[in-house]
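Coordinate analysis (summary)
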Amino acid sequence: MADIIQLLPDHVANQIAAGEVVQRPASVVKELLENAIDAGASTIKLIVKDGGKALIQIVDDGIGMSATDARLSFERHATSKIQKAEDLFNLNTKGFRGEALASIAAIAHVDMQTKPVETELGTHLKIEGSKIIFQEVTAVPKGTSIAVKNLFFNIPARRNFLKSIQVELRHITDEFHRIALAHPSIAFHYYNNGSEMFNLPNENHRQRIVHIFGTKANQKLVPVHEDTQVVKISGFIIKPEFAKKSRGEQFFFVNNRFIKSPYLHHAVVAAFEGLIRSNAYPGYFLYLEVDPGSIDINIHPTKTEVKFDDEHTIYAILRSTLKHGLGQFNVIPALDFEQNQNLETPYAYKDREAAQPGVTVDAGFNPFQEVSTKSGTTRGGYSGGMSSSGGSNSWDSLYVGLQSEMDSKEEFNSLKFESDTITGSIFKGKYEPEESNATTFQLRRKYIVTTIKSGMVVIDQSRAHQRVLYEKFLKNITIKEAVSQQLLFPLALSFSKSDMEILNEIKDSLSTIGFVFGKMGKEQIEVTGVPLLVTESEVGMVLDQLISDCQMEVSEDNFSQTDILAKTLAKTLSVKTGEILNSASQLALVNDLFACKETRVSPFNKPVYITITENDIDKKFI
Ligand code: ADP
Ligand code: MG
């Protein structure tokens, strides 16, 4: 048999390697920014057009390259940063693989101009798909400028795979944030389609964070600091009361390199334990410095993961540093926090002697008496969710004529619609629980229990309300007739630039659900009207949540965007576990739930209720 194995030509090998290094425009931005930093630049300019699909250009004032180096830099495994294997264990640069430029040049049109400080003239080099188009001498200032155009021009599948301009831009901005945060002493300029997105001077860490995330970030930061032999930690954590409900600002840097580390993240979470709600995430900007020989950054091609020699020690030091920081700055948990207050002994009582417990009997208690629905002591947190027109008016009517053979949930659901019309007239007005023989019961501020002929239903109050609100918002969005309430005084809210970007994207959808916006500045937005169900004090929180959800679920089309909006609003505004609902509210919620199109699962696909039939109960008594 003839030999069949061949070495791949370089340009093919480069194209294959490019698949690893360059996933999207943001990867190019990362590689080129890192090269500029490695070149010792003090000012770096990033210019982007159409989310990087049309152009990514990076201009630095670093050491530049000689004509030969300029040519060599596009060869695979050509690097000035390491010479021997041992160098890998003492890395002080971002790059070391010598792969980036070769990969980028294999799949794009690259135009480079570069000049070291000591020569008079520089080099101008043009490469398209690994082919050198020309190389000439040129007069340029010291430093390097690399322009990358038509990314993936020769790999249509990859090009088509790119997301929308906004989404790609967001990835670029994320990458920019990470690098700019790691290097506050370098000045950065970032332009998108001709307009300036960021202009960051040489500054300190705190100023850099505030410059990127907006002035309101300043008051949220708690500094932390620790200097040990194993690791040096500095940076900031975000005060617990500002913790977001979804991953917000979470940045680890190791030796000025952004990394992701679930393990260290866990250390932060542990330090915040008891200070933030279980569904919120701590925010942090943490800079770790370790001996370069004690980490391995070589385990991931895109280099955001790092292996530490002494992970456990770093974990412990990190956790105690953060705890210390939180304590020192007197960051005390805000009141409440879903804890059962009954279980907590007020501090002053701790040392007192406990009194002999007495037994008191409510002589008037009659277990067979109907529950009064006019309980005035509880807080009615539920404010309904359905419009007064249409819909079922009584929850128990749903089960009229329901026989005990009703055992499957499906049957349960189909029956409610039939009974709607028959029973709609039983009550004179909306929600008149007093006249019904309805009994609902709230269990552990979490579930609403109601009886049906065949047994009982246990409803998760929060999920039920999410379902109700979700359908209401979706309806508003689809028929585009959301009711909004005008605010007496317009509300000015400030956001970071990237948050504003997202707000701009979702502005139209927001107005379909009842938000009205006035002036929109670079970092500020004026809200003049809000949806009926949103109170003025909630606006900021709701918008924050919407922004972070949209950030997480990079949505492409309008459909999924409105869906995210409706889900987020439902989640944010719903009655929560731990809220006491009075009987009227419980009843109204049950009514509204069973008037929904889908009752069984929440917008997040979690079960809303369970039924326990008499049969089930009987079985337990055997
Ligand atoms: P790596 O960064 O891993 O060494 P690259 O392909 O990114 O590999 O770059 C190859 C080489 O080109 C670098 O080692 C460096 O010598 C040179 N180089 C790249 N970008 C610049 C720049 N902006 N300024 C000066 N030299 C650069
Ligand atoms: Mg590099």
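It should be noted that the structure appears before, not after, this text.
Since we're looking at a predicted model, the values are computed, not measured.

Here is what the cut-offs are and how they apply
- Residues numbered from 1 in each chain as written.
- Chains lettered and ligands numbered in written order.
- Predicted model: local features only at pLDDT ≥ 70, side-chain atom pairs only at ≥ 80, totals over all residues.
- Heavy atoms only, no water.
- Helix = DSSP H or I, 4+ residues; strand = E, 2+ residues; numbered from the N terminus.
- Contact = heavy atoms within 4.5 Å.
- 1 Å grid on protein atoms, 1.4 Å probe; cavity = no way out; pocket = protein on both sides within 12 Å on 5 of 7 lines; lining within 4 Å.
- Points joined across faces, edges and corners; volume = space filled by probe spheres on them.
- Salt bridge = Lys/Arg side-chain N within 4 Å of Asp/Glu carboxyl O.
- Buried < 20%, exposed > 50% of the residue type's maximum accessible area, 1.4 Å probe, protein only.

1. Things to note about the environment of alanine 147
You can see alanine 147 is positioned in strand 6 (residues 143-149). Spatially, the C-alpha atom of alanine 147 lies 6.5 Å from that of isoleucine 58, the residues being 89 residues apart in sequence. Apart from the residues within four sequence positions on either side, alanine 147 is in contact with Leu55, Ile56, Gln57, His109, Val110 and Asp111.

2. Observations regarding empty space enclosed by the protein
What the rule picks out here adds up to seven cavities of 30 Å³ or more. One number sums up the size of the largest cavity: a volume of about 100 Å³. Lining the largest cavity are 14 residues, with Lys30, Glu34, Ile179, Arg257 and Phe258 positioned closest to its centre. If you list the elements that add at least two residues to the lining of the largest cavity, you get helix 2 (25-38), helix 6 (165-182) and strand 12 (257-259). Looking at the lining of the largest cavity element by element, the count peaks at four residues for helix 6.

3. Remarks on the pattern of salt bridges
Considering all chains together, one arrives at eleven salt bridges under this definition. Where glutamate 505 meets arginine 170, a salt bridge forms, and the shortest distance between an N and an O atom there is 2.7 Å. Of this pair, glutamate 505 sits in helix 12 (residues 497-512) while arginine 170 sits in helix 6; the two residues are 335 residues apart in sequence, bridging distant segments of the chain. For glutamate 505, a relative accessible area of 23% gives the class partly exposed. Judged by its relative accessible area of 8%, arginine 170 is buried. Across the salt bridge formed by glutamate 598 and arginine 600, the nearest N and O atoms sit 3.5 Å from each other. Accessibility expressed as a relative area gives 30% for arginine 600, which makes it partly exposed.

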